[in-house]
Amino acid sequence: MVQIREISEKDAESVATLSTQLGYESDIKQTSERIKRINNNNENCAFVALVDGEVVGWIHGFYTLRIESDPFIEIGGLIVDEKYRNLKIGKQLIENINLWAKKHQVKKLKVRCNIKRTESHKFYERLGFKENKRQIAFETNVV
């Protein structure tokens, strides 16, 4: 049986480990600090999925304002441990973000997904997400 609850700093080790499955290297201290900041920000939410008390997945969502469009909630990250995929855990995590979006009176949920993650694309499409554009992401250091 899967339990979904809000993320806490005590989940940092499990969350950091799961994040490596997405290709993100984070140490426990960094992850704990990020979780703390997310939990102290009303425009962010994060949940974990547990099976037998073990964290097997997590999701992060955040409220987004844009000049050119109505507010929306964006999924910043979602991972379910490889051993627990195809058990509808990802769907349950998204349902929690969806409920959080309703509390914020937001009507749209968005997610960006790496072009290489074709299995993730299929997952989101099965849940009713539709591709609306392709982008190239740029970044630079703040100077």
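About the cut-offs
- Residues numbered from 1 in each chain as written.
- Predicted model: local features only at pLDDT ≥ 70, side-chain atom pairs only at ≥ 80, totals over all residues.
- Heavy atoms only, no water.
- Helix = DSSP H or I, 4+ residues; strand = E, 2+ residues; numbered from the N terminus.
- Contact = heavy atoms within 4.5 Å.
- Areas by Shrake-Rupley, 256 points an atom, 1.4 Å probe, with all protein chains shown as cover.
- Lys, Arg positive; Asp, Glu negative; His and termini not counted.
- Charge placed at Lys NZ, Arg CZ, Asp CG, Glu CD.
- Buried < 20%, exposed > 50% of the residue type's maximum accessible area, 1.4 Å probe, protein only.
- Pairing = 2+ DSSP bridges.
- Salt bridge = Lys/Arg side-chain N within 4 Å of Asp/Glu carboxyl O.
- Axes fitted to C-alpha atoms, helices over the stretch in contact; angles between N-to-C directions.
- Parallel < 35°, antiparallel > 145°, perpendicular 65-115°, else oblique.

> Please set out the overall build of the protein chain residue by residue, giving values where relevant.
Scanning the protein chain for helices and strands turns up four helices and five strands. Moving toward the C terminus, one meets the helices and strands of the protein chain in the order β-α-α-β-β-β-α-β-α. Principal axes of the C-alpha set define a box for the protein chain whose edges measure 45 × 40 × 35 Å. At a minimum sequence separation of 6, the contacts of the protein chain that also span at least 24 residues come to 55%. Carbon together with sulfur atoms contributes 48% to the accessible area of the protein chain, which is approximately 10400 Å² in total. In the protein chain, which carries 24 positive and 20 negative side-chain charges, the distance between the mean positions of the two groups comes to 5 Å.

> Break down the pairing of strand β3 (residues 54–64) for me, with residues and values.
Most of β3 is tucked away, with eight of its eleven residues classed as buried. Across eight bridges, the pairing between strand β2 (residues 44–51) and β3 is antiparallel. Paired with Cys 45 across the bridge in β3 is Gly 61. Between β2 and the antiparallel strand that follows it, β3, lie two residues; Asp 52 among them carries a positive phi value of about 50°. Pairing geometry for β3 and strand β4 (residues 72–80), over eight bridges, is antiparallel. Paired with Gly 57 across the two strands is Val 80, which belongs to β4.

> Provide a residue-level description of the pattern of salt bridges, including the pertinent values.
With the rule as written, the count across this model stands at four salt bridges. The partner of Arg 134 in a salt bridge is Glu 131, and the shortest N-O contact between them spans 2.8 Å. Exposure remark for Arg 134: the relative accessible area of 59% places this residue in the exposed category.

> Now, about the packing of helix α1 (residues 12–19) against helix α2 (residues 28–39): what can you tell me, with residues and values included?
Two quantities define a packed helix pair, namely the angle between the axes and the distance from one axis to the other. Axis separation between α1 and α2 bottoms out at 8 Å; the angle between their running directions is 110°. One element, α1, and the other, α2, form an angle in the roughly perpendicular class. Contact residues: Ala 12, Glu 13, Val 15 and Ala 16 in α1; Ile 28, Thr 31, Ser 32 and Ile 35 in α2.

> Any chance you could break down the sheet that holds strand β1 (residues 2–6) for me, citing the residues and the numbers?
On the basis of which strands lie adjacent, the open sheet formed by five strands has the order β1-β2-β3-β4-β5 and mixed pairing. Because the sheet does not close on itself, it has two edges, and the strands there are β1 and β5 (109–111). Averaged over neighbouring strand pairs, the angle between their axes works out to 25° when direction is ignored. Two elements, β4 and β5, share three bridges in a ladder whose sense is parallel. From the neighbouring strand, Glu 74 faces β5, where its bridge partner is Lys 110. The strands touched by helix α3 (residues 89–103) are β1, β2, β3, β4 and β5; relative to β4, the strand with the most contacts, the crossing angle is about 155°.

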